[in-house]
Amino acid sequence: MTEAILLVGGKGTRLRPLTVHTPKPMVRAAGVPFLTHQLARARAAGVDHIVLATSYLAEVFEPHFGDGSALGLHLEYVTEEEPLGTGGAIRNVASRLRSGPDDPVLVFNGDILTGLDIRRLVATHEETGADVSLHLTRVTDPRAYGLVPTDATGRVLAFLEKPTTPEEIVTDQINAGAYVFRRSVIDTIPTGRPVSVERETFPDLLAAGAHLQGMVDSTYWLDLGTPAAFVRGSADLVLGRAPSPAVPGRCGDRLVLPTATVAADAKLTGGTVVGEGAFVAGGARVFGSTILPGAVIEPGAVITDSLIGTRARVGERSVLTGTVIGDGAVVGADNELREGARVWCDARIPAGALRFSPDQ
């Protein structure tokens, strides 16, 4: 159908400490690196050649995915020496594309979980003869996003900055982070410097009279930029709310990976994932959370909407809500961590050291 560029170079700063040792697209969601879900959905839509635009921890990707043959894909990797932004990254990999000047090239961001109908986006692009087509989604509160109003035919009228007053909210449509470019348009992006497609390429194309087409697809859409969103996205994949052919098991209330051990009286619900080699002890309760490989959850711990890093340990009776525990960290017994807490990689919290409620 088409080939694709996948932008996976970001540092994932908002996700730290998850991204201290692991690039954001390689953090596990529903048991596999998040990138696996994106690659599998692209393949299911007919894409067979994908160029990964890498930068941060670029050396991690190829050893895991290789040439892509295990997924039925041909993968290539291009590493930016210096971060080039979304537009610069697209232009930087252009030499690896095989498409002709008028052929469509799919471009998508490495941190968006979506049920987008990829085939429909490409079909819309070809039927309208657009230079660039954008996936748009509708949000209840658009104040945190740039707005993309369109006319009755879906043609993009403007790219508006985040609104600061009610009068500036002229649409609930936002850029959802997936595009189809006419191949020749990619060659017009400047080389050798950072370029943002959102702030420079798209507005400049519009000003020059190019045809930018919007396609509203309001299926599942989630920006996985924060720990809370990432945990929710993983749970939604397990629960079947977010579609992916790459979930390594049947959708349901829990996903326990091979070699993980879960005590018979432990309770796992809400789309919880327990990674390979992890251990959940008796009496533990885990809801809507991700337990990464090798982590240990001790007896009586209660974990809700949290992510427990690789080889981390949560002590007996500790209660974690909306918390991220970094790789190798240890939370001692009888601690209580609430929403937004981030425990750094290899940190150690003594027993009973942190609480938000009385000790009795």
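Residues numbered from 1 in each chain as written. Predicted model: local features only at pLDDT ≥ 70, side-chain atom pairs only at ≥ 80, totals over all residues. Heavy atoms only, no water.

J.: Can you explain the UniProt feature "domain: Nucleotidyl transferase" (unreviewed entry) in the protein? Please cite residues and give values.
T.: Here the UniProt-annotated "domain: Nucleotidyl transferase" (unreviewed entry) positions come out as residues 4-236. In residues 4-236, the share of helix is 26% and the share of strand is 23%. The end C-alpha atoms are 25 Å apart. (UniProt positions renumbered as here; feature names shortened; annotations may be inferred. Helix = DSSP H or I, 4+ residues; strand = E, 2+ residues; numbered from the N terminus.)

J.: Summarise the layout of surface pockets; cite the residues concerned and give the values.
T.: Over the atoms rolls a probe the size of a water molecule, and its path tells where empty space is left. One number sums up the size of the largest pocket: a volume of about 1,300 Å³. If you trace the largest pocket, you find 47 residues lining it, with T86, N109, E198, R199 and D223 closest to the centre. Counting only elements with at least two residues in the lining of the largest pocket, the list comes to helix 3 (85-92), strand 9 (173-182), helix 6 (197-207), strand 11 (221-223) and helix 7 (227-239). When residues of the lining of the largest pocket are assigned to their parent elements, the largest contribution, five residues, is made by strand 9. Of the residues assigned to the lining of the largest pocket, the class counts are 22 nonpolar, 14 polar and eleven charged. By volume, the second largest pocket is sized at about 310 Å³. Along the wall of the second largest pocket there are 22 residues; nearest its centre are A228, V231, R232, D305 and G322. (1 Å grid on protein atoms, 1.4 Å probe; cavity = no way out; pocket = protein on both sides within 12 Å on 5 of 7 lines; lining within 4 Å. Points joined across faces, edges and corners; volume = space filled by probe spheres on them. Nonpolar A, V, L, I, M, F, W, Y, C, P; charged D, E, K, R; others polar.)

J.: Report on helix 6, specifying residues and quantitative values.
T.: By the burial criterion, the buried members of helix 6 are V197, T201, F202 and L205. End-on view of helix 6: buried residues confined to an arc of 85°, all on one side of the axis. Exposed residues on helix 6 whose side chains face more than 90 degrees from its buried face are R199 and A207. Check the buried side of helix 6 and you find it contacts helix 3, strand 8 (132-138), strand 9, helix 5 (183-186) and strand 10 (212-216). Following helix 6 by one or two positions, G209 has its phi on the positive side, about 90°. (Buried < 20%, exposed > 50% of the residue type's maximum accessible area, 1.4 Å probe, protein only. Arc of directions from axis to C-beta. Contact = heavy atoms within 4.5 Å.)

J.: Can you break down the domain arrangement of the protein residue by residue, with the values?
T.: The domain boundaries assigned to the protein delineate domain 1 (2-223) and domain 2 (253-349). One C-alpha centre belongs to domain 1, the other to domain 2; they are set 33 Å apart. In total, about 1,000 Å² of surface goes out of reach between domain 1 and domain 2, with carbon and sulfur atoms giving 65% of it. It is P17, L18 and R28 in domain 1 that bury the most area against domain 2; as a group they hold 52% of the surface buried on that side. Run the count over domain 1 and domain 2 and you get one salt bridge. R28 is the salt-bridge partner of E276, the closest N and O atoms lying 2.9 Å from each other. Across the side of domain 1 that touches domain 2, the residue classes break down as five nonpolar, two polar and three charged. (Domains from an automatic or database assignment. Buried area = accessible area lost by both parts, 1.4 Å probe. Salt bridge = Lys/Arg side-chain N within 4 Å of Asp/Glu carboxyl O.)

J.: Kindly report on the packing of aromatic side chains, identifying the contributing residues and their values.
T.: According to the stated counting rule, one finds six aromatic pairs in the structure shown. When the centroid spacing of 6.1 Å and the interplanar angle of 65° are considered together, the rings of Y145 and W221 count as edge-to-face. Of this pair, Y145 sits in the loop between strand 8 and strand 9 while W221 sits in strand 11, placing them 76 residues apart in sequence. Ring geometry for Y179 against F181: centres 6.3 Å apart, planes inclined by 90°, an arrangement best described as edge-to-face. The buried category is assigned to F181, whose relative accessible area is 0%. Three or more aromatic residues joined by ring pairs form one cluster here, namely F159, Y179, F181 and F202. (Phe/Tyr/Trp six-rings, centres within 6.5 Å; stacked < 30°, edge-to-face > 60°.)

J.: Break down empty space enclosed by the protein for me, with residues and values.
T.: According to the stated counting rule, one finds two cavities of 30 Å³ or more in the structure shown. When residues of the lining of the largest cavity are traced back to their parent elements, those giving at least two are helix 1 (34-44), strand 6 (104-109), strand 7 (112-114) and strand 9. Looking at which element gives the most residues to the lining of the largest cavity, the answer is helix 1, with five residues. For the lining of the largest cavity, the residue count by class is eleven nonpolar, six polar and one charged. For the second largest cavity, the calculated volume is near 40 Å³. R28, A29, A30, G31, L257, V273, G275, E276, T290, I291, L292 and P293 together form the lining of the second largest cavity. Every element with two or more residues in the lining of the second largest cavity is listed here: strand 2 (28-29) and strand 18 (290-291). Among the residues making up the lining of the second largest cavity, the classes are represented as seven nonpolar, three polar and two charged. When residues of the lining of the second largest cavity are assigned to domains, at least three fall in each of domain 1 (2-223) and domain 2 (253-349).

J.: Could you give an account of the environment of L292, with specific residues and numbers?
T.: Its place among the elements puts L292 in the loop between strand 18 and strand 19 (296-297). A sequence separation of 157 residues divides L292 from H135, and the C-alpha atoms of the two residues are 32 Å apart.

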